[in-house]
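Secondary and tertiary structure notes
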Amino acid sequence: MSTCCCGMGVTTDDPRFAELDAFMASVREQPGSLISVLHKAQQLFGFLPEEVESRIAHTMSIPLTDVYGVVTFYNLFNTQPVGKYAISVCMGTACYVRGAGRILDRFAEELGVQAGQVTDDRLFSLEVCRCVGACSLAPVVVVDGEVRQLKEADVPAVVAELRQRSELEALSQPVSARS
Amino acid sequence: MINLTIDRVPVSVEPGTTVLEAARQHGIRIPTLCYLKDINQIGACRMCLIEAKGYRGLQTACTLPCAEGMEVSTNTKDVRETRKLILELLLSDHNISCPTCVRQGNCELLRLSQEAGITDLPIKGELHQSAIDHSSPAISLDATKCVLCQRCVAVCREVQGVSAIGLVNRGFESRVAPFFQAQLNAAACANCGQCTLVCPTGALTERDDTAAVWEALHDPTKHVIVQTAPAIRVAVGETFGLPAGSISTGQMVTGLRRLGFDRVFDTTFTADLTIVEEASELEERLTHGGTLPLITSCSPGWVKYAEHFYPTMLPHLSTCKSPQQMFGALAKTYYAEKYGLDPKDIVSVSIMPCTAKKFEAGRPEMNASGYQDVDHVLTTREFGRMLRQAGVNLKKLPDSEFDSPLGLSTGAGVIFGTTGGVMEAALRTAAEWLTGNQLNGRVKFTEVRGEVRGIKEATVVVGGNVLRVAVANGLAAAARMLEKIQAGEVQYHFVEIMGCPGGCIGGGGQPIPPDGPEELDEVRQARIQSLYTIDEMSTIRRSHENPAVQALYREFLGEPLGEKSHHLLHTHYQVRHPAGVRTGR
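Residues numbered from 1 in each chain as written. Chains lettered and ligands numbered in written order. Predicted model: local features only at pLDDT ≥ 70, side-chain atom pairs only at ≥ 80, totals over all residues. Heavy atoms only, no water.

Of the regular secondary structure elements, chain A holds seven helices and five strands. In chain A, the succession of helices and strands from N to C terminus is α-α-α-α-β-α-α-β-β-β-β-α. Each principal axis of the C-alpha atoms in chain A carries an extent, and together these give about 50 × 45 × 25 Å. The buried share among the 179 residues of chain A stands at 41%. (Helix = DSSP H or I, 4+ residues; strand = E, 2+ residues; numbered from the N terminus. Buried < 20%, exposed > 50% of the residue type's maximum accessible area, 1.4 Å probe, protein only.)

Another aspect to go through is the overall build of chain B. In terms of regular secondary structure, chain B is built from 18 helices and 17 strands. Here the C-alpha radius of gyration of chain B, 25 Å, is about what a compact globule of 585 residues would show, namely 25 Å. Restricting the contact set of chain B to residue pairs at least 6 apart, pairs at least 24 apart contribute 74%. Carbon and sulfur atoms form 51% of the exposed surface of chain B, whose accessible area is close to 22400 Å². Positive and negative side-chain charges of chain B, numbering 57 and 64 respectively, have mean locations separated by a distance of 4 Å. (Rg over C-alpha atoms; globule rule 2.2 N^0.38 Å. Contact = heavy atoms within 4.5 Å. Areas by Shrake-Rupley, 256 points an atom, 1.4 Å probe, with all protein chains shown as cover. Lys, Arg positive; Asp, Glu negative; His and termini not counted. Charge placed at Lys NZ, Arg CZ, Asp CG, Glu CD.)

Buried accessible area, meaning the area lost when the parts come together, often serves as the stated size of an interface. With 19 residues of chain B at the interface, the matching set in chain A holds 15 residues. Of all residues in chain B, B:Arg170, B:Phe180 and B:Val581 give up the largest surface area on contact with chain A, accounting jointly for 46% of the area buried on that side. Summed over the shared surface of chain B and chain A, the result is one salt bridge. A:Asp66 is the partner of B:Arg157 in a salt bridge, and the nearest nitrogen-oxygen pair spans 2.6 Å. Considering every element that reaches the side of chain B that touches chain A, the biggest residue donor is strand 7 (residues 166-168) of chain B, with three residues. Across the side of chain B that touches chain A, the residue classes tally to 10 nonpolar, six polar and three charged. (Buried area = accessible area lost by both parts, 1.4 Å probe. Salt bridge = Lys/Arg side-chain N within 4 Å of Asp/Glu carboxyl O. Nonpolar A, V, L, I, M, F, W, Y, C, P; charged D, E, K, R; others polar.)

Residues and elements named next belong to chain A. Across six bridges, the pairing between strand 1 (residues 85-90) and strand 3 (residues 124-129) is parallel. Counted as the bridge partner of isoleucine 87 is leucine 126 from strand 3. Note: strand 2 (residues 117-118) against strand 3, two bridges, orientation antiparallel. Bridge pairing in strand 3 links glutamine 117 to leucine 126. Here strand 2 hands over to strand 3 after five residues, with arginine 122 in that stretch at a positive phi of 60 degrees. (Pairing = 2+ DSSP bridges.)

Let us look at the environment of A:Phe77. Tracing the backbone through its elements, the reader meets A:Phe77 in the loop between helix 4 (64-73) and strand 1. Remark: the alpha-carbon pair of A:Phe77 and A:Leu20, spanning 57 residues in sequence, is separated by 16 Å.

This part is about the pattern of salt bridges. All names here are of chain A. Under the criterion given, the structure shown has 49 salt bridges over all chains. Notably, a salt bridge pairs aspartate 144 with arginine 165, separated by 2.9 Å at the nearest N-O pair. Separated by 21 residues along the polypeptide, aspartate 144 in the loop between strand 4 (140-143) and strand 5 (146-149) and arginine 165 in helix 7 (residues 155-172) bring together distant segments of the chain. Using a relative accessible area of 34% as the deciding quantity, one classes aspartate 144 as partly exposed.

Residues and elements named next belong to chain B. In terms of domain boundaries, chain B breaks down into domain 1 (2-89), domain 2 (128-203) and domain 3 (211-569). Distance from the C-alpha centre of domain 2 to the C-alpha centre of domain 3: 27 Å. In this complex, domain 2 contributes 20 residues to the contact, which on the side of domain 3 involves 25 residues. Counting the surface lost from both domain 2 and domain 3, the interface buries some 1700 Å², and carbon and sulfur atoms represent 59% of this. At the junction of domain 2 and domain 3, the tally comes to zero salt bridges. Here domain 2 and domain 3 share 13 residue pairs in polar contact (both at pLDDT 80 or more) between them. Contributions of two or more residues to the side of domain 2 that touches domain 3 are made by helix 4 (151-159) and helix 5 (194-198). Counting residues per element, the side of domain 2 that touches domain 3 draws most heavily on helix 5, which supplies four residues. Residue composition of the side of domain 2 that touches domain 3, grouped by class: 12 nonpolar, six polar and two charged. (Domains from an automatic or database assignment. Polar contact = N/O pair within 3.5 Å; in protein donor to acceptor, adjacent residues only side chain to side chain.)

On the surface, A:Ile35, A:Phe73, A:Tyr74 and A:Leu76 cluster together into a nonpolar patch covering about 340 Å² of accessible area. Within the element layout of this structure, A:Leu76 appears in the loop between helix 4 and strand 1. (Patch = residues over 30% accessible without salt bridge, like charges linked within 9 Å, V, L, I, M, F, W, Y side chains within 5 Å.)

This brings us to the packing of helix 1 (residues 16-26) of chain A against helix 3 (residues 50-60) of chain A. All names here are of chain A. Two elements in contact, helix 1 and helix 3, have axes whose closest approach is 11 Å; the angle formed by their N-to-C orientations is 35 degrees. As helix 1 runs across helix 3, the sense of the crossing is right-handed. Between helix 1, through Phe17, Leu20, Asp21 and Met24, and helix 3, the contact on the second element is made entirely by Glu51, Val52, Arg55, Ile56, Thr59 and Met60. Across the contact of helix 1 with helix 3, the residue classes tally to six nonpolar, one polar and three charged. (Axes fitted to C-alpha atoms, helices over the stretch in contact; angles between N-to-C directions. Left-handed = near helix turned anticlockwise from the far one by under 90°.)

A word on helix 15 (residues 475-486) of chain B. All names here are of chain B. Spanning 12 residues, helix 15 covers 16 Å between terminal C-alpha atoms, matching the ideal 16 Å at 1.5 Å per step. When helix 15 is considered as a whole, its buried residues turn out to be Leu475, Ala476, Ala477, Ala478, Ala479, Met481, Leu482 and Ile485. Those residues of helix 15 that are buried are in contact with helix 4, strand 12 (294-295), helix 9 (300-309), strand 16 (465-473) and strand 17 (494-498). Backbone geometry just after helix 15 places glycine 488 at a positive phi near 75 degrees. (Expected span 1.5 Å × (residues − 1).)

With that settled, the discussion passes to the sheet that holds strand 5 (residues 71-73) of chain B. Residue and element names in this part refer to chain B. Here five strands make up an open sheet; going across it, the order is 2-1-5-3-4 and the pairing mixed. Each edge of the open sheet is held by one strand with a lone partner, namely strand 2 (9-13) and strand 4 (59-60). As paired elements, strand 1 (residues 2-6) and strand 2 share five bridges and run antiparallel to each other. In the sheet register, isoleucine 2 faces strand 2, and the bridge partner there is valine 13. Packing of helix 2 (residues 77-92) onto the sheet brings it into contact with strand 3 (49-52) and strand 5, and relative to strand 3 it is tilted by some 155 degrees.

Overall, the coordinates contain 13 aromatic pairs over all chains when judged by the stated rule. Note on A:Phe17 and A:Phe45: the rings are 5.2 Å apart at their centroids and 50 degrees apart in plane angle, and the pair reads as tilted. With A:Phe17 in helix 1 and A:Phe45 in helix 2 (residues 34-45), this residue pair connects regions lying 28 residues apart in the sequence. A:Phe45 shares its class with A:Phe17; the two are buried. Clustering of aromatic rings is evident, with ring pairs tying together B:Phe265, B:Phe327, B:Tyr335 and B:Tyr339. Positioned above the aromatic ring of B:Phe359, the side-chain terminus of B:Lys304 is 5.2 Å from the ring centre. (Phe/Tyr/Trp six-rings, centres within 6.5 Å; stacked < 30°, edge-to-face > 60°. Lys NZ or Arg CZ within 6 Å of the ring centre and 35° of its normal.)

With that settled, consider the nonpolar core. Residue and element names in this part refer to chain B. Among the nonpolar cores identified, the biggest contains 42 residues, and Leu204, Trp302, Tyr305 and Val495 are the most heavily contacted of them. Broken down by secondary-structure element, the contributors of at least two residues to this core are strand 6 (139-141), helix 4, helix 9, strand 16, helix 15 and strand 17. Sorting elements by how many residues they give to this core places helix 15 first, with six residues. When residues of this core are sorted by domain, at least three fall in each of domain 2 (128-203) and domain 3 (211-569). Non-local contacts of valine 495, meaning those with residues more than four positions away in its chain, are made with Pro293, Leu294, Ile295, Thr296, Met423, Ala470, Met481 and Ile485. One finds Leu217, Val224, Cys354 and Leu394 within the second-largest nonpolar core, a separate group that totals 33 residues. (Core = buried A, V, L, I, M, F, W, Y, C linked by side-chain atoms within 4.5 Å.)

Encoded structure:
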């Protein structure tokens, strides 16, 4: 097995690289395709580890500093692993004045992480975002892709619900896939 | 031609000319911090704002093409006040530490601030906090002095094809750094230092080694010797305000004695030695079917670049050490023996036009004498600072001569400092060896001379042999040549590569022109011309005729490529990580 230096479990013979390589080959003739390749990579790996950025740079003959510059320019790209469930608290003006700050604090307390971090069990990532276009519902939180209107007191229940969902998913998988 | 007026002066320019270039061509100076002609015209610093009649708002002159009938004003109230405001904003997040800054007043940001008449700093804002990156043995990066002009990024990418640094993050968090937020020593950096030549502030600088050299000079138990590269004698004068290309060999030697060096020697001596060894290596490879083309290895920026970017080409590199390292190995062996010195008491210093030489001296394999062969490497700029620290006025010094025996050199050794010079020096020796007749041996090989952006090629017939040779300067040009060699599009016997534009005279450790990078081309030309002038004035112009080199073989080394030469004068290379991304142009 090839070595991995990021400590995040991505090895250079990971089968997902074959899919990434195929995608890069399909856009080879298109100038300016770096961002779509990065999207594809993030879709495959969940985030953009150093090995992945390096592979993209060498395959596409783009200096690694340029690839890294684009990755760190856009908030959309993650260079750290994300949790199974993303909790994104809207800190836009409307949500903020209606108590988003307190909701964020409460999530931080319940999960034991700060905004921008992932829980040790990789179940939750806590993030903040700017306006999801649902100001009439303010304050809102995007929970695993779903916009919800929440109060501070709802936070423990949301966390409990997601934990339960994860356990049920694990149980519903075939025994051989559990580890 | 396009006709327009700039400050009511009618001017006429080629289509495609920017307002900035048009103004410069007609003696109107528009201030810039980020502009580098052709490679960084991005309007990032906003210093070049001008008014153009009919255009909405102020325009950046570096990005605005001239148009027929345009009326440009570069000196209105609005322009002056806006530029001043922009400077005040830049200064509000600048680590203002001019008295302790290594640029010592030779700073574009300082000059523009003074020209704009800034007398106080009305804008208070958050200051970037960042520790200085001292990880590299060659280059230091102080992000608190960076104005994000991106000249360094452009030079690293476009001129050198390296892209060791780029702009990362966003907004207030933006900064110049290698990928993955690594420190400089973890990047695929060639250490060429071209970034330090174009930095408008003190953000990117050579690693300062003057303190260690002062310590050695002040230690009475140490025998401190110094070698000076060919490119220093035609550049150090600039640090005292002399015109570019001023030849100050004799004053430089006197200045080094005044600093307290026990012996002042010349790297040019070992440049001659390099030619003898390398010409022998070429002859050996030609006659015994060795790897061709043979590629020169004097430039440590080029060598490290090859180790990162072209590892499969390493067998092509000459095994000859650079003149600096040959000198280092001989100083603590041959010289020590000859003068009854204990090598442990010798401190060997070199003055180089080059930041990459600092890294080269620290390579673990460079200890053929049993000690680190070269202890400290100073750039021309550090040398200039030491002279000032010691109160030595270079301009008023009398001339003096290098010490012998490691100070005797030929014209061939001197032109090592320019692109094409190593090739020409090698051809002078090869021509004579291969023809066996001094009279038939040419001295001038003008076809390999000059700072040409592309590749210089020549076919030289010597003694019935046809030698195909090529020369590249700057790493991006070198990469283009290597791609052609690898693709089999070109066949050469011998190739010279120097990492910096113009060769060593354009090295990353050379004096920074006070009026900014726009002067660099002219400055390099003047320095190159002066090296050829010294060559013309030299009585001996072929390396193998250097009597001190001949004595060295007689007394100590034996023969070229012999056992002792192999141990002291030759080296090996290694594949280096991270692998560089070849952008293949």
